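In case you want the letters, here they are:
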Amino acid sequence: MDKEVKRETTDIIKNVAFKFVMLFSVVSLFSDMTHEGARSITGPFLATLGASGSIVGIVSGFGEFMGYAVRLLSGYLTDKTGKYWVITFIGYAINLLAVPALALAGHWEVAAILIIAERAGRAIRIPARDAMLSYATSKMGRGMGFGIHEAMDQLGATLGPLIVTGVVYIDGGYRNALGLLLIPAILALSVLTAARFNYPRPRDFEVNPVKPQDKNYRYPKIYWLYLAAVVAIAVGYADFPLISYHFNNAATVTKEWIPLFYAIAMGVDGAAALAFGRFYDQKGFSVLVVAALLSAFFAPLVFLGGFYFALIGMVLWGIGMGAQESIMRAAIADIIPADRRGSAYGIFNTAYGVFWFIGSALMGILYDISIPYLVIFSVAAQLVSVPLLLHLVKSKA
């Protein structure tokens, strides 16, 4: 009888945890509609304001740097204060409201500041959000839980660029499309408010009680090895603003198709996140090797190929993003104890952002010098991660 009661209680907790993950997934759906809709056109939008390829590469790279570097402080504050919801709300507000403000930018410098602010707001919220999700996903399988969240996230990231595509097609401009994204921004903040009042203490979901760690706690070697592998991927992963700038500059893809290409990549991202999340729960770190090998060769296709090769390249780019945004987060939760996850996510994402910025800036400069050099750099950097990930698989065996 006791076993039956315990099983029923466990099922109830699992259902509540699942509802929490789904509610947060809806927040991410509307959030990604907003900022990924904008991201699909920031490259050509900056070009209309007079920015060069180098500027686009540096701005997008620095934006990504801020989008990760701020997570170090945010993650530390999350663990130190336990104010998950406060930090999450601040981050979402900055992240989402900077997007429609882009519609008012008259100079590339102003647009650049808003793009960087949007990324910084995203950085503020992510460690606290991921820590809360890690607690809830302990009830349902971390790979699957983060995979579901990423799939909904990318559904929004697909719908946002599609909306932008429609607006650009109808009136041919970017400003109205950016202004329209205020609607999903408000919806995201509304659902987030509902989540806060329905689930005020997400730490209660954690399977193992959250206990304060020893002050002298050191992250395990496997964490640093994993970080090194992911950093190698980050260095060689071209950001979409530079890709879209190339599409526009080389006339490989017309301006109406550019956000549609991004929407396709985001759709692939969501599907890949679900698939890789499920495989991660079954096979572990070996799935990361497969993802790295698949995505490493997007660069020659998008930067050297014509329309159809570029489309295939964006599919590979989306596969890589799906892996990075789902199983890479799930792996941290499996490596690090619950009370240290906010900081662990902060360190991980900061390193990722620093090297993404370095890689993006270099690729922006290489773009103005020689596109083949850019492609070689991108592929080589990502392939460096493969032996590191293989070593990681062996050490976990």
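Described in the following lines is the structure provided in the data block. Residue positions within a chain follow its written sequence, with the count starting from 1. Totals for whole chains, interfaces and linings use every residue, but because this is a predicted model, local features are given only for residues with pLDDT of at least 70 and side-chain atom pairs only at 80 or more, for both listing and counting. Working from all heavy atoms in the structure, the side-chain values ignore hydrogens and water.

Notes on the overall build of the chain
- Strands are runs of DSSP state E lasting at least two residues, helices are runs of H or I lasting at least four, and both sets are numbered from the N terminus onward. Broken down by element type, the chain carries 18 helices and 0 strands.
- When a residue's accessible area, from a 1.4 Å probe over protein chains only, is under 20% of the maximum for its type it is buried; when over 50% it is exposed; and in between it is partly exposed. When the 397 residues of the chain are sorted by exposure, 59% land in the buried category.
- What makes two residues a contact is simply this: any of their non-hydrogen atoms within 4.5 Å. Taking all contacts inside the chain whose residues are at least 6 apart in sequence as the whole, residues at least 24 apart take part in 87%.
- As presented, the chain carries roughly 15600 Å² of accessible surface, and 68% of it is formed by carbon and sulfur atoms. Only the protein chains shown count as covering a residue, and every accessible area follows the Shrake-Rupley method with a 1.4 Å probe.

Structural notes on a nonpolar patch on the surface
- On the surface, I163, L180, I183 and L187 cluster together into a nonpolar patch covering about 310 Å² of accessible area.
- Within the secondary structure, L187 sits in helix α8 (residues 182-198). Excluding any residue in a salt bridge, patches collect residues exceeding 30% relative accessible area, merging like charges within 9 Å and nonpolar Val, Leu, Ile, Met, Phe, Trp and Tyr side chains within 5 Å. Salt bridge, as used here, is a side-chain nitrogen of Lys or Arg placed within 4 Å of a carboxyl oxygen of Asp or Glu.

Thoughts on the packing of helix α11 (residues 258-283) against helix α12 (residues 286-295)
- With axes taken as lines fitted to C-alpha atoms, and helix axes fitted only over the stretch in contact, angles between N-to-C directions fall between 0 and 180 degrees. Interhelical geometry of α11 versus α12 gives an angle of 140° and a closest axis separation of 8 Å. On the basis of the axis angle, α11 is oblique to α12. The residues of α12 that touch α11, namely those facing F276, F279, Y280 and K283, are S286, V287, V290, A291 and L294.
- Nonpolar residues are Ala, Val, Leu, Ile, Met, Phe, Trp, Tyr, Cys and Pro. Charged residues are Asp, Glu, Lys and Arg, and all others, Gly as well, are polar. Grouping the constituent residues of the contact of α11 with α12 by class yields 7 nonpolar, 1 polar and 1 charged. Each angle is binned into one of four classes, with values under 35 degrees roughly parallel, values over 145 roughly antiparallel, values of 65 to 115 roughly perpendicular, and all other values oblique.

What about the packing of aromatic side chains?
- Each Phe, Tyr or Trp ring, with Trp reduced to its six-membered ring, pairs with another whose centre is within 6.5 Å; inter-plane angles below 30 degrees give stacked pairs, above 60 give edge-to-face pairs, and intermediate values give tilted ones. A full pass over the atoms with the stated rule returns 21 aromatic pairs.
- Summarising the aromatic geometry, the rings of F20 and F24 are spaced 5.5 Å apart at their centres and angled 75° between planes, so their arrangement reads as edge-to-face. A residue pair is termed a helical-turn pair when its members lie 3 or 4 positions apart in one helix, as F20 and F24 do in helix α1 (residues 2-39) at 4 residues. As far as the burial class goes, F20 and F24 line up, both buried.
- Summarising the aromatic geometry, the rings of F240 and W317 are spaced 6.1 Å apart at their centres and angled 55° between planes, so their arrangement reads as tilted. Placement of the pair is F240 in helix α10 (residues 240-250) and W317 in helix α14 (residues 307-325), with a sequence separation of 77 residues.
- Take F240: its relative accessible area is 0%, and that puts it in the buried class.
- Judged by relative accessible area, which is 0%, W317 ranks as buried.
- Through pairs of rings, three or more aromatic residues link up here, namely Y237, F240, Y262, F298, W317, Y352 and W356.
- Working rule: Lys NZ or Arg CZ, within 6 Å of ring centre, within 35 degrees of ring normal, means a charge sits over the ring. Sitting over the face of the ring of F197, R196 holds its NZ or CZ atom 5.7 Å from the ring centroid.

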